[in-house]
Amino acid sequence: MNQQPYDFSNATDADIGPLIHAIGSLGKDLVGLELGVFTGTSLLTVLHACPNIKTMHGIDNYKPYGDCIGDPYNGVPFYFVDEKVSVFNRFMAFHRIKYSGMEEKVVFHEMDSGEALKKFEPESLDFIFIDTYLTYEQVVDDVRSWYPIVKSGGLFAGHDWHTTIVRKGVTEVRDEVEPDAVITGYDECWSWVKK
Ligand SMILES: C[S@@+](CC[C@H](N)C(=O)[O-])C[C@H]1O[C@@H](n2cnc3c(N)ncnc32)[C@H](O)[C@@H]1O
């Protein structure tokens, strides 16, 4: 039987969507990373739409969680993923990757963000898309700790720019690590090119 792989090349619901053309213009043989894979929609969309990606790292711990990122921000979770949903999300991501035709390009790290960070050398990735943060503290921690891993000239980016707390956390870290950098914010995503 001639089995067709999944095709995410034109997915309209991928959180990473607004960054696709920027990633596609970054050069050849890119090595990128998504922090917070969930069901795999963004990971596979960027892989299908950007043939210039050689390797795509994905990180997710697939633990139950409560998400506080939204307006107004009060540090109280309002969106919950319980254990059965986490197990389903994990299954969905691995299933989609397996039948995407892109499996050989994916390196999956099923672990916490802080644990995965130890596996990467500074200035080793062409782009990073951060979509793990669930609290203000996690925004600051993830953005601050992953910034050194992006190469000079690479794209440092993430999701949830439409929320006050992500704008605040990302801007604070930018002011600390690269005050001259100009953040682009559009359609729920933020990014800047690392000097
Ligand atoms: C909003 S979802 C990501 C959505 C995904 N980027 C997409 O485009 O469909 C957040 C994901 O981050 C993961 N996550 C949250 N905190 C994490 C942490 N500290 N380490 C690893 N993964 C984490 C959750 O398990 C969840 O799957």
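Everything below is about the structure shown above.
All of these numbers come straight from a predicted model, not from anything done at the bench.

S.K.: What am I meant to see in the overall build of the protein chain here?
M.R.: Scanning the protein chain for helices and strands turns up six helices and nine strands. Taken over the C-alpha trace, the protein chain has a radius of gyration of 16 Å; the compact-globule value for 195 residues is 16 Å, and the two agree within 12%. In terms of overall dimensions, the protein chain has C-alpha extents of about 55 × 40 × 30 Å along its principal axes. Per-residue burial over the protein chain gives 35% buried out of 195 residues. Put simply, 74% of the contacts in the protein chain that link residues at least 6 apart link residues at least 24 apart.

S.K.: How should the site of the ligand be read in this particular structure?
M.R.: D15, G36, F38, S42 and D131 are the nearest of the 19 residues found near the ligand. Grouping the amino acids of the shell around the ligand by side-chain chemistry returns six nonpolar, eight polar and five charged.

S.K.: Can you help me understand the pairing of strand β6 (residues 125–130) in this one?
M.R.: If a strand is regular, its side chains alternate between the two faces of the sheet. Burial analysis of β6 places six of its six residues in the buried class, the great majority of the element. As defined by bridge partners, strand β1 (residues 30–35) adjoins β6 across four bridges and the pair is classed as parallel. Each residue of the ladder has a partner; that of E34, found in β6, is F129. Direction of pairing for β6 relative to strand β7 (residues 150–159): parallel, over a ladder of five bridges. Each residue of the ladder has a partner; that of L125, found in β7, is V150.

S.K.: How should I be thinking about the pairing of strand β9 (residues 189–193) in this particular structure?
M.R.: Examined bridge by bridge, β7 and β9 share five bridges and lie antiparallel to one another. Each bridged residue has a counterpart across the sheet, and for L155 the counterpart in β9 is V193. Relative to β9, strand β8 (residues 184–186) runs antiparallel, the two being bridged by three bridges. Within the sheet, the bridge partner assigned to Y186 lies in β9 and is C189. If you look at the hairpin formed by β8 and β9, you'll find two residues sitting between the two strands, and D187 has a positive phi there, around 50 degrees.

S.K.: When you look at the environment of I59 in this model, what are you seeing that I'm missing?
M.R.: You can see I59 is positioned in strand β2 (residues 53–59). The spacing of I59 and L35 is 24 residues in sequence and 5.0 Å in space, taken between C-alpha atoms. Among residues more than four places away in sequence, those in contact with I59 are L33, L35, V37, H109, M111, S113 and A116.

S.K.: Is there a simple way to explain unusual backbone geometry in this structure?
M.R.: Trans peptide bonds make up most of the peptide bonds, and negative phi angles are found at most residues other than glycine. Residue P72 is reached from D71 by a cis peptide bond, and omega for that bond is -5 degrees. In this structure, P72 sits in the loop between β3 (65–67) and β4 (79–81). If you check the backbone angles, D187 has positive phi at about 50 degrees while not being a glycine. Mapped onto the elements of the fold, D187 is located in the loop between β8 and β9. We classify D187 as exposed; it has 10 C-beta atoms within 10 Å.

S.K.: Mind showing me how you'd approach the environment of N52 here?
M.R.: Within the secondary structure layout, N52 lies in the loop between α2 (41–49) and β2. Overall, the presence of 14 C-beta atoms within 10 Å leaves N52 in the partly exposed class. Separated by 30 residues in sequence, N52 and D82 have C-alpha atoms that sit 36 Å apart. Apart from the residues within four sequence positions on either side, N52 is in contact with G24, G27, K28 and L30.

S.K.: When you look at the nonpolar core in this model, what are you seeing that I'm missing?
M.R.: Grouped burial of nonpolar side chains is what soluble globular proteins tend to show. V46, L47, F127, I128, F129 and A157 are the most contacted members of the largest nonpolar core, which has 44 residues in total. In terms of residue count, the dominant contributor to this core is β6 (five residues). Beyond its immediate stretch of four places on either side in the chain, A157 contacts L19, F127, I128, F129, C189, W190 and S191.

S.K.: So what exactly am I meant to see when it comes to the sheet that holds β7 here?
M.R.: Strand pairing in a sheet takes place through backbone hydrogen bonds and is either antiparallel or parallel in direction. Pairing is mixed in the open sheet, where seven strands are placed in the order β5-β2-β1-β6-β7-β9-β8. Where the open sheet ends on each side, the last strands, each with one partner, are β5 (106–109) and β8. Ignoring which end each strand starts from, the neighbouring axes of this sheet average 15 degrees apart.

Cut-offs used in this document
Residues numbered from 1 in each chain as written. Predicted model: local features only at pLDDT ≥ 70, side-chain atom pairs only at ≥ 80, totals over all residues. Helix = DSSP H or I, 4+ residues; strand = E, 2+ residues; numbered from the N terminus. Rg over C-alpha atoms; globule rule 2.2 N^0.38 Å. Buried ≥ 20, exposed ≤ 12 C-beta atoms within 10 Å, placed from the backbone. Contact = placed C-beta atoms within 7 Å. Near = placed C-beta within 6 Å. Nonpolar A, V, L, I, M, F, W, Y, C, P; charged D, E, K, R; others polar. Pairing = 2+ DSSP bridges. Core = buried A, V, L, I, M, F, W, Y, C linked by C-beta atoms within 7 Å. Axes fitted to C-alpha atoms, helices over the stretch in contact; angles between N-to-C directions.

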